[in-house]
Amino acid sequence: MKSISKRTVFSLVLACILLFGVATFVIRYFLYADRWVSFTGSPHVYTNGKLNTGEILDRSGTVLYSSEKSKNYSDSATTRRATLHLMGDRAGNIPARILRAYASKLFGYDKLNGTAAMESSGGELRLSVSAQVQAIAMQAMNGRKGAVGVYNYRTGEILCALSSPTFDPLDPPDLEHDNGDGRYDGVYVYRFFHATYTPGSIFKLTTLAAALEENPELANETFSCEGKLTINGEQITCPHPHGRQSLSEALSNSCNCAFAQITLRLGKQKLLAQADAIGLYRSYEIDGITTSRGHLDLSDANENDLAWAGIGQYTDLVNPCQYMVYMGAIANNGKAAEPWLVSSAQSAGRETYRASTSMTAQMLTKQTAAALREMMRMNVKRMYGAVDIPGVNVCAKSGTAEVGEDENTATFAGFLDSDEYPLAFIVVVEKGGAGSSTCAPIARAVLEGCINVMDGE
Ligand SMILES: [Zn+2]
C-alpha cells in the first residue's frame, strides 16, 4: 500500500508539472506569439535580416520600403535620405523600430492560422509622415545638425519627424574612416525623438504658463529692463536695455530681465510643477519609438540659477517631440492629441490596424492657453515676419540657447492657429546661432510643404 500511494503522489506531481507547463505555454503563446514570429531572424518573415513581404508607404502613397524591390528602399535618393531614421539602415546601426513594432500586423500572422496567410500576399503599412515634407525639411536643414517636427495637434498624425544629418542607406558613408570634419557626428541618433537640447527662450513659454496659472493678472503688468539685473551677486543680461514693456512685449523681446523677475516671484516648486504638467519629464510611446525625457532639476539651484532656469538655460533640457506636443496643447485649449506615425496596416487585403486619437492630460488651463496663443501670435507679427504665412495665423517663439563658448543651439517652436491646418511644429539647429533668423525660414518652408500636402488630400 505504502509504495502504491507513493507512486500515486509521484504521478500526481508529474501531472501537475505537465499541466503547469502546458498552461504557461498557452498563456505565453497568446501573449507573445506575434513577437516570436516576427522577431528579426524568423525565417518565415525575414531573409538575411530583411523583410520578406510587404510595403511601407508615406501618407501620399509614396513607397518608402518594399520587399518587392531588389534593394528594398525607395528609388529616390532624396526620399531614402529624408526617411533614413524612420526606415533604418542596412547595417542595423539605425534600427527600423516602426517595422519591428508592426511586423505581425503587416505579415498577416494570426494566432490560429499561424504564418499560413503570409505566403499569399504582402502587407502594407501606411505612415502619417510625408516623404515630400521630410525632403523639404532635410533640404532646409542643409546638412546642419538638429531636428524638425510637425504634427496635427487634433488628430496626432506626425507629418514630419526629420533628424539631420542623414545619409543614403544604399550608399552609407564610411564613418570609420570619416575625414574628421564631424559632419556625421551622432548620425545614428534619431534626434527628433531621442535627443534632448537646452531649450533657451522657447522655455519661457513654460515659465509664462506657470506664472499666468498662478496669477492671470500678470498679463496687465509692466516690466522694466535696464539690460542687466544682478541676482545673488551675478548678472542676468539682455543684449540691450528693453525699457518698460508689457508682458506680451517682454515675451516678444524675449527679455531675460523680465523673465528672471517672473521666475523668482514664481519660485522653484511652481516652475517644477508646470514642467511636470506640460509633460517635460514624460516620454511618449510612438509606434515602437520611446521618446527621451526632458530635465529640470532645481535641487541645488540658487536664485540666480533659478532665474536662468526660467529663461531656459541652467541645466534645462527638452526633447523636441515632447515640446512640439506642448505647442499643440497651447494651440488646442490646453491639451493636445498624443502623436503617432502609423496610420494603418493591411495584410492580405484586410485591415489589421488603424490609428486612433487619444489626448494628453490638460497641460494648462483654457484661459492660459488662450493668453499664450495671443502673445505668440504677436511675437510673429512683431519679430518673426519670415515665418508669417498669409491666412493661417502662425504663432511662435524663438530661442538661442548657449551651450558652450560661442556655441548656440537655435530653437523655434509654435503652431498654426487654424482649424483647417491644426499643426504644431518645432525646429532645432545645433550651432545654429540666433533662433529666429536660422529657424524661421526652415519652419516656413516645412509648414508650407505640409499645407500643400494637406490641400492635395
Ligand atoms: Zn530685457
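What counts as what
- Residues numbered from 1 in each chain as written.
- Predicted model: local features only at pLDDT ≥ 70, side-chain atom pairs only at ≥ 80, totals over all residues.
- Heavy atoms only, no water.
- Core = buried A, V, L, I, M, F, W, Y, C linked by side-chain atoms within 4.5 Å.
- Buried < 20%, exposed > 50% of the residue type's maximum accessible area, 1.4 Å probe, protein only.
- Helix = DSSP H or I, 4+ residues; strand = E, 2+ residues; numbered from the N terminus.
- Domains from an automatic or database assignment.
- Contact = heavy atoms within 4.5 Å.
- Pairing = 2+ DSSP bridges.
- Axes fitted to C-alpha atoms, helices over the stretch in contact; angles between N-to-C directions.
- Salt bridge = Lys/Arg side-chain N within 4 Å of Asp/Glu carboxyl O.
- pLDDT = per-residue confidence, 0-100.
- Donors = N, O, S within 2.8 Å, 3.2 Å for Na, K, Ca; no water.
- Tetrahedral: all angles 85-135°; square planar, octahedral: opposite > 155°, others 65-115°.

### A closer look at the nonpolar core
Move 1: Phe193, Tyr323, Tyr326 and Met327 are the most contacted members of the largest nonpolar core, which has 89 residues in total.
Move 2: Per-element tally for this core: the top contributor is helix H13 (residues 320-331), with nine residues.
Move 3: Mapped onto the domain boundaries, this core takes at least three residues apiece from domain 1 (46-133) and domain 2 (134-341 + 358-455).
Move 4: With sequence-adjacent residues up to four places away left out, Tyr323 is seen in contact with Ile202, Phe203, Leu205, Thr206, Ile278, Val318 and Ile426.

### Brief notes about the sheet that holds strand S17 (residues 407-416)
Move 1: With antiparallel pairing, the five strands of this open sheet are ordered in space as S7-S6-S18-S17-S16. Looking at which strands have only one partner, the edges of the open sheet turn out to be strand S7 (158-164) and strand S16 (394-404). Strand-to-strand, the axes of this sheet are offset by a mean angle of 5°, without reference to chain direction.
Move 2: By the bridge criterion, seven bridges tie strand S6 (residues 146-152) to strand S18 (residues 423-429) in an arrangement that is antiparallel. Looking at S18, one finds that Val150 is bridged to Phe425.
Move 3: Against the sheet, H13 makes contact with S6, S17 and S18, and its axis sits at roughly 145° relative to S18, the strand it touches most.

### Some remarks on the pattern of salt bridges
Move 1: In total, this model carries twelve salt bridges according to the counting rule given.
Move 2: Ionic pairing is found between Glu124 and Arg126, a salt bridge with its closest N-O pair at 3.9 Å.
Move 3: Between Glu221 and Arg265 there is a salt bridge; the shortest N-O distance is 3.0 Å. Residue Glu221 is found in the loop between helix H8 (204-214) and strand S8 (222-225), and its partner Arg265 is found in helix H10 (residues 256-266); the two are separated by 44 residues along the sequence.

### Looking at the confidence of the model for the protein
Move 1: Counting all residues, the mean pLDDT for the protein is 90, and 89% of those residues have values of 70 or more.
Move 2: Overall, residues 41-50 carries pLDDT values under 50, and its contacts beyond four positions in sequence, including any with other chains, amount to 25 contacts.

### Section: the coordination of the zinc ion
Move 1: Only Cys225 (SG), Cys238 (SG), His242 (ND1) and Cys255 (SG) from the protein coordinate the zinc ion, and they sit 2.1 to 2.4 Å from it.
Move 2: For the zinc ion, the four donor atoms in the first shell make angles of 108 to 113° at the metal, so the coordination geometry reads as tetrahedral.
Move 3: Counting along the primary sequence, the residues that act as donors to the zinc ion give the motif C-x12-C-x3-H-x12-C. Of this pair, Cys225 sits in strand S8 while Cys238 sits in the loop between strand S10 (234-237) and strand S11 (243-246), and the two are 13 residues apart along the sequence.
Move 4: We classify Cys225 as buried; its relative accessible area is 3%.
Move 5: Given a relative accessible area of 9%, Cys238 falls into the buried group.

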